[in-house]
Amino acid sequence: MKYLRYLVILLLFGSLFTACFDDNDDVPQISSTLDINDFIWKGMNIFYLYKDDVADLANDRFSSDQDYTDFLRGFSSPEGIFEALQSSVDDFSFLVDDYIALEQAFDGITRNNGMEFGLVRYPNNDNNVFGYVRYVLPDTDAAAKGVKRGYIFNTIDETQITDQNFSQLLNPESYTIGLATFDGTDVTPTGESISLNKIQYTENPVFISKTIDVGGNPVGYLMYNSFTADFDGQLNTAFANFKSDNITDLVLDLRYNGGGSVTSAIDLSSMITGQFNGSVFTTEEWNAERQEQFGGTNLFDNQIRTGDAINSLELSRIYILTTRSSASASELVINGLDPYINVIQVGTTTRGKFQASITLYDSDNYGRQGADPGHTYAMQPLVLRSVNSVGFTDYFDGFTPEVLVEEDFSNLGILGNENEPLLKAALDNILGTRNPSKYNTRHLQSIGNSKMFMPNYEKMYIQMD
């Protein structure tokens, strides 16, 4: 979606709000908590999708300026007022105190040691947690030190990981993992350890792209780990290769993809298809006061944001691999494609997020230019919900797979290999040899993953191009 129309309309609000500091000889003043709280309330009052659910966001909530100021002063931190202004159905709006880090995350830039991991509870001890390596990023410390998919670790710096300490243990720039084995029931330390260090890293979300011979037919496999705008060109190139290989089916692996850019999701869906160019992909529902100005329709398109022509496959069915970590824009692809082609989901149920957000800065028009230099707070409130072409939305419980397969942490398999359990289940379906009794369906509770430290974790967003 091209965002310029939002910017033009937002400029109309510029005259309604004043800057949050007094200019003193052009030296930026540190903004007070009251100033930041004022920015948060006003932004939420204008844009929040669930405004009608929050009494304190009503336009007539305050009887006077003093009443409003007293309300703002009732919160000792920006985080406090932001949390208080969220609806009970909102799990995804967020506030950051460093919008530079947020912008970098949107571009795929993080502090990263290269070990992308998941965390699950022990099957025989709900308090204890073990980690498993999902994949390793190239040219990182983890890659250099030989970390592999399927490695199990249960301690950090010789401390057992638990459901209370995992975030604290895994957040530092450097830490040491204690390796273990997992046989499906017991976690057993090996006595080995690996020290890992983070660096600034830009992740290419097009992680694996290959064509596999399946019963004599070429089948494409794409592991895509984030809808990152800066890599739309690489995504389009992968589809050019699939097109050149004349693939008959595509397995799209979104099992670890927590979301990202709506525009990238539309383009990916247009690459998969192509025969629906100009048709409705999704529509947007904003709050009642903003719907007339902002509510729009997203269409299948034939160009990526750079203007390059989309390499479309014109497929009539798609296999999508999912887990609980598949969220937001990943689910948007499933929902947007479902009315048009046969979407066969393999894996486990997705996260259940159908809303999108925008970044609001403390400026006259809530855009990045002119943001108050006295602080670096920005907020990412939910502003719209996505509805597919037949009116389906509000999938709070996520999408349930047609073929249930749980990842087996005692034998994860090699990503992209025909015998990797989730991919094998999809290929079995293509061949007509599906045997559900052979698929792992044992569930262990996930409590987080390596992406949880990113400010845009499991978020779907629209942004200015």
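In what follows, the structure referred to is the one given above.
### Quick look at the overall build of the protein chain
Thought 1: Across its full length, the protein chain carries twelve helices and 24 strands.
Thought 2: Whereas a compact globule of 465 residues would reach a radius of gyration of roughly 23 Å, the protein chain reaches 23 Å, a difference of no more than 12%.
Thought 3: In terms of principal-axis extent, the alpha carbons of the protein chain reach across some 70 × 55 × 35 Å.
Thought 4: Each of the 465 residues in the protein chain was classed as buried or not, and the buried ones make up 56%.
Thought 5: When the accessible surface of the protein chain is totalled, it reaches about 19,300 Å², and 46% of it is carbon and sulfur.
Thought 6: Both charge centroids of the protein chain, one from 30 positive and one from 63 negative side chains, sit 6 Å from each other.

### What to know about the environment of His375
Thought 1: With respect to the secondary-structure elements, His375 resides in the loop between strand 19 (360–361) and strand 20 (378–380).
Thought 2: By relative accessible area, which is 9% here, His375 ends up buried.
Thought 3: Non-local contacts of His375, meaning those with residues more than four positions away in its chain, are made with Ser31, Ile36, Phe39, Tyr99 and Asp362.
Thought 4: Among the polar contacts listed, one links the side chain of His375 to the backbone nitrogen of Tyr377, at a separation of 2.9 Å.

### Focus: the sheet that holds strand 19
Thought 1: Judged by pairing direction, the sheet is antiparallel, and its three strands sit side by side in the order 1-20-19 without closing on themselves. Every other strand in the sheet has two partners, leaving strand 1 (94–96) and strand 19 as the edge strands with one partner each.
Thought 2: Pairing of strand 19 with strand 20 involves two bridges; the strand directions are antiparallel. Each bridged residue has a counterpart across the sheet, and for Tyr361 the counterpart in strand 20 is Ala378.

### Overview of the sheet that holds strand 17 (residues 342–347)
Thought 1: Judged by pairing direction, the sheet is mixed, and its six strands sit side by side in the order 10-11-12-16-17-22 without closing on themselves. The open sheet has two edge strands, strand 10 (206–214) and strand 22 (403–404), and neither has a second partner.
Thought 2: Here helix 8 (residues 232–244) sits on the sheet in contact with strand 10, strand 11 (217–224) and strand 12 (249–253), set at roughly 170 degrees to strand 11.
Thought 3: Relative to strand 16 (residues 317–322), helix 12 (residues 421–431) is tilted by about 155 degrees, and along the sheet it contacts strand 10, strand 11, strand 12, strand 16, strand 17 and strand 22.

### Things to note about the pairing of strand 2 (residues 109–112)
Thought 1: Only one face of strand 2 is covered, namely the one carrying Thr110 and Asn112; the face carrying Ile109 and Arg111 has none of its residues buried.
Thought 2: By the bridge criterion, four bridges tie strand 2 to strand 9 (residues 199–202) in an arrangement that is antiparallel. The residue of strand 9 that forms the bridge with Arg111 is Gln200.

### Quick notes on the nonpolar core
Thought 1: By size, the foremost hydrophobic cluster in this structure holds 70 residues, and its most contacted members are Ile40, Phe239 and Ile272.
Thought 2: Excluding residues that lie within four positions of it along the chain, Ile272 makes contacts with Phe239, Leu250, Leu252, Leu313, Glu314, Leu315, Ile318, Leu337 and Ile341.
Thought 3: Leu137, Tyr201, Val346 and Leu415 belong to the second-largest nonpolar core, a separate cluster that totals 25 residues.

### Regarding the environment of Ala356
Thought 1: Along the chain, Ala356 turns up in strand 18 (residues 355–357).
Thought 2: The class for Ala356 is buried, based on a relative accessible area of 0%.
Thought 3: A sequence separation of 27 residues divides Ala356 from Ala329, and the C-alpha atoms of the two residues are 8.7 Å apart.

### As for the packing of helix 2 (residues 33–47) against helix 3 (residues 65–73)
The relative placement of two packed helices is expressed as an angle between their axes plus a distance between the axes.
Thought 1: Packing of helix 2 against helix 3 brings their axes to within 9 Å, and their N-to-C directions diverge by 110 degrees. Classified by the interaxial angle, the pair formed by helix 2 and helix 3 is roughly perpendicular. Residues Leu34, Asn37, Asp38, Trp41 and Lys42 of helix 2 touch helix 3, and the partners they reach there are Tyr68, Thr69, Phe71, Leu72 and Arg73.

### A short note on the pairing of strand 3 (residues 115–122)
Note on strand geometry: in a regular strand, side chains alternate between the two faces of the sheet.
Thought 1: Counting buried residues along strand 3, eight of its eight residues qualify, which places the element largely inside the surrounding structure.
Thought 2: Bridge count for strand 3 against strand 4 (residues 125–136) is eight bridges, and the pairing is antiparallel. Directly across from Met115, in strand 4, lies its bridge partner Val136.
Thought 3: Count of turn residues in the strand 3/strand 4 antiparallel hairpin: two residues.
Thought 4: In this sheet, strand 23 (residues 446–449) lies alongside strand 3 in antiparallel orientation, the contact comprising three bridges.

### Description of the packing of aromatic side chains
Thought 1: For the coordinates displayed, the defined rule picks out 29 aromatic pairs.
Thought 2: The interplanar angle of 50 degrees and the centroid separation of 5.1 Å between the aromatic rings of Phe62 and Phe71 together place this pair among those described as tilted. Here Phe62 and Phe71 have matching classes, each one buried.
Thought 3: Ring plane angle 70 degrees and centroid distance 5.5 Å describe the contact between Phe354 and Tyr395, whose orientation is recorded as edge-to-face. In this pair, Phe354 is assigned in the loop between strand 17 and strand 18 and Tyr395 in the loop between strand 21 (382–388) and strand 22, connecting sequence segments 41 residues apart. Of the two residues, Phe354 and Tyr395, neither departs from the other in class, the shared state being buried.
Thought 4: Over the aromatic face of Phe92 sits the side chain of Lys353, whose NZ or CZ is 5.2 Å from the ring centroid.

### A few points about the pattern of salt bridges
Thought 1: According to the stated counting rule, one finds 19 salt bridges in the structure shown.
Thought 2: Between Glu103 and Arg368 there is a salt bridge, with the nearest N and O atoms lying 2.5 Å from each other. Of this pair, Glu103 sits in helix 5 (residues 99–106) while Arg368 sits in the loop between strand 19 and strand 20, and the two are 265 residues apart along the sequence.
Thought 3: A relative accessible area of 21% means that Glu103 is categorised as partly exposed.
Thought 4: The partly exposed category is assigned to Arg368, whose relative accessible area is 34%.
Thought 5: Where Asp394 meets Arg385, a salt bridge forms, and the shortest distance between an N and an O atom there is 2.7 Å.
Thought 6: The exposure class of Asp394 is partly exposed, given its relative accessible area of 34%.
Thought 7: Among the residues examined, Arg385 registers a relative accessible area of 23% and is labelled partly exposed.
Thought 8: Taken together, the shared-partner salt bridges connect Arg149, Asp253, Arg255, Glu407 and Glu420 into one network.

What counts, and where the lines are drawn
For every chain, the first residue of its written sequence is number 1, and the numbers climb from 1 along that sequence. With pLDDT at 70 or above as the cut-off, local features in this predicted model cover only qualifying residues; side-chain atom pairs require 80 or more to be listed or tallied, and sums for whole chains, interfaces and linings still use all residues. Computation of side-chain values: all heavy atoms of the structure, hydrogens and water removed. In this text, helices come from DSSP runs of H or I with a minimum length of four residues, and strands from runs of E with a minimum of two, each type numbered from the N-terminal end. Values of the radius of gyration come from C-alpha atoms, whereas the globule rule sets the reference at 2.2 Å times the count of residues to the power 0.38. Whether a residue is buried, partly exposed or exposed follows from its accessible area with a 1.4 Å probe, protein chains only, as a fraction of its type maximum: under 20%, in between, or over 50%, in that order. Computed by Shrake-Rupley with a 1.4 Å probe, the accessible areas treat only the displayed protein chains as cover when residues are assessed. The convention is simple: Lys and Arg are positive, Asp and Glu are negative, and His and the chain ends are not counted. Charged groups are reduced to one reference atom each: NZ for lysine, CZ for arginine, CG for aspartic acid, CD for glutamic acid. Residues are treated as being in contact if the distance between any of their heavy atoms lies within 4.5 Å. Each polar contact in these results corresponds to two N or O atoms within 3.5 Å; when the atoms are within protein, one needs to be able to donate a hydrogen and the other to accept it, and residues that are neighboring in sequence are counted only if both atoms are side-chain atoms. By the convention used here, strands pair only if DSSP detects at least 2 bridges between them. Lines fitted to C-alpha atoms define the axes, with helix axes restricted to the stretch in contact, and inter-axis angles between N-to-C directions lie between 0 and 180 degrees. Nonpolar cores are built from buried Ala, Val, Leu, Ile, Met, Phe, Trp, Tyr and Cys residues. Side-chain atoms within 4.5 Å join them into one set. Throughout this description, any angle smaller than 35 degrees is read as roughly parallel, any larger than 145 degrees as roughly antiparallel, any in the 65 to 115 degree range as roughly perpendicular, and the remainder as oblique. We call Phe, Tyr and Trp rings a pair once their centres come within 6.5 Å, taking the six-membered ring for Trp, and we label the pair stacked below 30 degrees between planes, edge-to-face above 60, and tilted otherwise. The criterion for a charge sitting over a ring is simple: Lys NZ or Arg CZ within 6 Å of the ring centre, and within 35 degrees of the ring normal. Throughout this description, the term salt bridge denotes a Lys or Arg side-chain nitrogen within 4 Å of a carboxyl oxygen of Asp or Glu.

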